[in-house]
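# A look at the structure
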Amino acid sequence: MRVVDLAERGKMLVDWAYRNMPVIKLIREEFRVKKPLASLKIGACLHITAETANLAITLKEGGANVILTASNPLSTKPEIVEYLTKYEGIEVLSKPSETPEEYYSNIRKVIESNPNLLIDDGGDLIVTINKEYKTIASKIIGATEETTTGVIRINNLYNEGKLYFPVIAVNNAKTKHMFDNRYGTGQSTIDGILRATNILIAGKVAVVAGYGWCGKGVAWRLKGMGARVIVCEVDPIKALEAAMDGFEVKTMEEASKIGDIFITVTGNINVISSKHINNLKDGAILANSGHFNVEIDVSYLESKKISKRLIRDNLQEYIMPDGRHIYLIAEGRLANLVAAEGHPADVMDMSFANQALALEYLATRKNKLQPGVYDVLIEIDKKVAKLKLASMKITIDELTPEQINYINSWSLGT
Ligand code: ADE
């Protein structure tokens, strides 16, 4: 293969992703003509991937000036930073591996650049600006939030009266969470596990903690690859759903004694706690695909270990006092983004189409929306679905006038 520099490699990755982002392509073409974001500065805190590059370029085509920082200290792809900076003139603050101090210093730089609109993934940018920069926050037109975890955090901020601008919960769009969270997390988490370990999934006992959209995706994909999947849940309805979907449902106390591989996708803290770690079999593998690195008690592993070594890229081996080997993928951070490349472009296409259209909506509603958390307009959600279907060459039926009449009436019964 020809030797190419980082930026050129980044360009090829972005071009390849773009081929699989037909909805973003259409929006970019529309934005190029309409310039709905003319003279607006957008501060974005997102995983810096090929798919994010395509969103940033689309916003730039819409007239925006984009400044980008990472939404995770370890997820930044170096080729993409090089490409965006060198070829697209987009300012990218993050480097591939950051300390927590560098991570927050970059978030502050984005805020201090006085953006008009914000994009966040996980809530760190929105929480920081509302907590520490009230004057700048009060001038923000609005923001969008990409993830379940971020939406929960921002709702909590709003409920405490500490949110100073409108935020659109992109995660709540059906064309986002039903596809990105389920199929994106499902596939890319397994991709991360395989790149870090190269284990055979077939025949393994896989424990999935959390049966939300992300957990469902991971559990179903593991089942499809021949694992014996155990689901752990705290919500009785989701637990029942998992049971009727054919999974074994157990407490983590029970599952921790028999699992070969564990994946946390709950959005909560210490789901695999010290007491569960004490139960693990020799050779157990731990991975997290929830937004923050709080789901596995990594500090317990760190404090109790006799020794550790990085045995493969993104695979840390811990030797415990009783001689057991415990393996941790990507330091307990998002396995799909750190050990692999994140969700495939095909699903990010819909998530980022919602992002672009939500930002356009916010730009047209300047000073008209009160601070609060808003859903993506149903019209936008349906537009994204229709464009995606069209790109897949799928046509669907339409209601006949008789059917429209029937579903809007009460008179016809038995
Ligand atoms: N979140 C999950 N996958 C992603 C990707 N490929 N790009 C940006 N954010 C993501």
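As a starting point, this report considers the structure included with it. In this text, all values refer to a predicted model and were calculated from it rather than measured experimentally. (Residues numbered from 1 in each chain as written. Predicted model: local features only at pLDDT ≥ 70, side-chain atom pairs only at ≥ 80, totals over all residues. Heavy atoms only, no water.)

### Things to note about the overall build of the protein
We count it as follows: Note on conventions: DSSP H or I runs of at least 4 residues are helices, E runs of at least 2 residues are strands, and numbering of each starts at the N terminus. For every residue, the accessible area (1.4 Å probe, protein chains only) is compared with the maximum for its type, and the residue is labelled buried under 20%, exposed over 50%, or partly exposed between those bounds. The contact criterion used throughout is that any non-hydrogen atoms of two residues lie within 4.5 Å. Calculation of accessible area relied on Shrake-Rupley with a 1.4 Å probe; when residues are assessed, cover is drawn exclusively from the protein chains displayed. Only four residue types enter the tally: Lys and Arg on the positive side, Asp and Glu on the negative side; His and the chain ends are excluded. Lys charges are placed at NZ, Arg charges at CZ, Asp charges at CG and Glu charges at CD.
The number of helices and strands found in the protein is 18 helices and 15 strands. The dimensions of the protein, computed from C-alpha atoms along their principal axes, are 65 × 65 × 55 Å. Among the 414 residues that make up the protein, the fraction classed as buried is 53%. Taking the contacts inside the protein whose residues are at least 6 apart along the sequence as the reference set, 71% of them involve residues at least 24 apart. For the protein, the exposed area adds up to about 19000 Å²; of that, 54% sits on carbon and sulfur atoms. Across the protein, the mean location of the 50 positive side-chain charges is 2 Å away from that of the 50 negative side-chain charges.

### Digging into the packing of helix α16 (residues 345-364) against helix α17 (residues 378-391)
Short version of the rule: For helices, the fitted axis covers only the stretch in contact; all axes are lines through C-alpha atoms, and the angles between them, taken along N-to-C directions, range from 0 to 180 degrees. An angle below 35 degrees is read as roughly parallel, one above 145 as roughly antiparallel, one from 65 to 115 as roughly perpendicular, and any other as oblique. Whether a crossing is left-handed or right-handed is set by the direction in which the near helix is turned from the far one by less than a right angle, anticlockwise for left-handed and clockwise for right-handed. Amino acids are sorted into nonpolar (Ala, Val, Leu, Ile, Met, Phe, Trp, Tyr, Cys and Pro), charged (Asp, Glu, Lys and Arg) and polar (every other residue, Gly among them).
One way to put it is that α16 packs onto α17 with a least axis distance of 10 Å and a crossing angle of 140°. As far as their axial angle goes, α17 and α16 are oblique. Judged by the twist between their axes, the crossing of α16 over α17 is right-handed. Note on element contacts: α17 touches α16 through Ile380, Asp381, Lys383, Val384 and Lys388, opposite Asp346, Asp349, Met350, Ala353, Asn354, Leu357, Ala358 and Tyr361. Looking at the contact of α16 with α17 residue by residue, the classes come out as 7 nonpolar, 1 polar and 5 charged.

### Focus on helix α6 (residues 124-132)
By the criterion of burial, α6 is predominantly enclosed, with 7 of the 9 residues buried. Turning to α6, its buried residues are Asp124, Leu125, Ile126, Val127, Thr128, Ile129 and Asn130.

### Side note on the nonpolar core
Rules: The definition of a nonpolar core used throughout is a set of buried Ala, Val, Leu, Ile, Met, Phe, Trp, Tyr and Cys residues joined through side-chain atoms within 4.5 Å.
Residues Leu37, Ile42, Leu55, Leu59, Leu84, Leu117 and Ile119 are the most contacted members of the largest nonpolar core, which totals 52 residues. By size, the runner-up hydrophobic cluster in this structure holds 29 residues, among which are Leu315, Tyr327, Ala330 and Ala335.

### Some details on the site of the ligand
What counts here: If a single non-hydrogen atom of a residue is within 4 Å of a molecule or strand, that residue counts as near it. The term polar contact refers here to a pair of N or O atoms within 3.5 Å; inside protein, the definition further demands a hydrogen-donor-capable atom paired with an acceptor-capable atom, and it admits residues adjacent in sequence only when both atoms are side-chain atoms.
Taken together, His47, Thr49, Glu51, Thr52, Leu337, Glu341, Gly342, His343, Met348 and Phe352 make up the full set of residues near the ligand. Glu51 places a polar side-chain atom, nitrogen or oxygen, 2.9 Å from a nitrogen atom of the ligand. One nitrogen or oxygen atom from the main chain of His343 is found 2.8 Å from a nitrogen atom belonging to the ligand. Relative to its free-state accessible area of 260 Å², the ligand is covered by the protein chains to the extent of 96%. Of all the elements in the fold, those that place two or more residues in the shell around the ligand are α3 (50-61) and α16. Taken together, the residues that form the shell around the ligand break down as 3 nonpolar, 5 polar and 2 charged.

### A look at the state of the cysteines
This is how it is decided: Two cysteine sulfurs form what is called a disulfide whenever their separation falls within 2.5 Å.
Scanning all chains against the criterion turns up 0 disulfides. In this structure Cys45 is not part of a disulfide, and its nearest cysteine sulfur, from Cys214, lies 18 Å away. By relative accessible area, Cys45 is classed as buried at 0%.

### Overview of unusual backbone geometry
Not every positive phi belongs to a glycine, and Asn314 is a case in point at roughly 65°. Following the sequence through the fold, Asn314 ends up in the loop between β12 (307-312) and β13 (315-319). Phi at Glu331 is positive, roughly 60°, even though this residue is not glycine. Considering the arrangement of structural elements, one finds Glu331 in the loop between β14 (325-329) and α15 (335-338).

### Describing the sheet that holds strand β6 (residues 166-169)
By way of backbone hydrogen bonds, the strands of a sheet pair with one another, either parallel or antiparallel. Test applied: Pairs of strands are assigned from DSSP output, requiring at least two bridges between the strands.
With parallel pairing, 7 strands are arranged side by side in an open sheet as β3-β2-β1-β4-β5-β6-β15. Taken across any chain shown, the strands that pair with only one partner, and hence form the sheet edges, are β3 (91-92) and β15 (372-375). In this sheet, β6 lies alongside strand β5 (residues 142-145) in parallel orientation, the contact comprising 3 bridges. Note on β6: the bridge partner recorded for Thr144 is Ile168. Those strands touched by helix α5 (residues 100-112) are β1 (41-46) and β2 (65-70), and its axis lies near 165° from that of β2. Relative to the sheet, α16 contacts β1, β4 (117-120), β5 and β6, its axis offset from that of β5 by approximately 165°.

### Some remarks on the side chain of Gln355
Relative to the helices and strands, Gln355 is located in helix α16. Take Gln355: its relative accessible area is 0%, and that puts it in the buried class. Excluding its chain neighbours within four sequence positions, the residues that come into contact with Gln355 are Leu55, Ile119, Thr144, Glu145, Glu146 and Val170.

### Brief notes about the packing of aromatic side chains
Filter applied, for reference: Any two of the Phe, Tyr and Trp rings considered here, Trp counted by its six-membered ring, make a pair once their centres fall within 6.5 Å; the pair's planes then place it as stacked at under 30 degrees, edge-to-face at over 60, or tilted in between.
The full count for this structure, using the stated rule, is 5 aromatic pairs. Where Tyr211 meets Phe247, the ring centres are 5.8 Å apart and the plane angle is 65°; that geometry is what we call edge-to-face. Here the residue Tyr211 occupies a position in the loop between β7 (205-209) and α10 (213-224), and Phe247 occupies one in the loop between α11 (236-244) and β9 (248-249), the gap between them amounting to 36 residues. A centroid spacing of 5.4 Å and a plane angle of 80° characterise the contact between Trp220 and Phe247, whose relative ring orientation is edge-to-face. Of this pair, Trp220 sits in helix α10 while Phe247 sits in the loop between α11 and β9, and the two are 27 residues apart along the sequence. Taking the relative accessible area as the measure of exposure, Trp220 reaches 36% and is therefore partly exposed.

### Concerning a nonpolar patch on the surface
Definition in use: Only residues whose relative accessible area exceeds 30% and that take part in no salt bridge are eligible for patches, with like-charged residues grouped when within 9 Å of each other and nonpolar side chains (Val, Leu, Ile, Met, Phe, Trp, Tyr) grouped when within 5 Å. A side-chain nitrogen of Lys or Arg and a carboxyl oxygen of Asp or Glu constitute a salt bridge if their distance falls within 4 Å.
A cluster of nonpolar side chains, namely Leu399, Ile404, Tyr406, Ile407 and Leu412, defines an oily patch on the protein surface of about 540 Å² accessible area. Note that Ile407 resides in helix α18 (residues 401-407).

### A short note on the sheet that holds strand β8 (residues 228-232)
Overall, mixed pairing links the 8 strands, which are arranged β9-β8-β7-β10-β11-β14-β13-β12 in an open sheet. Two strands in the sheet have a free side with no partner beyond their single neighbour: β9 and β12. Inspection of the sheet shows strand β11 (residues 285-288) paired to β14 by 2 bridges, in the parallel sense. Bridge assignment links Ile285 to a residue of β14, and that residue is Tyr327. Across the sheet, helix α9 (residues 174-197) touches β10 (261-264), β11, β12, β13 and β14, and the angle it forms with β12 is around 105°.

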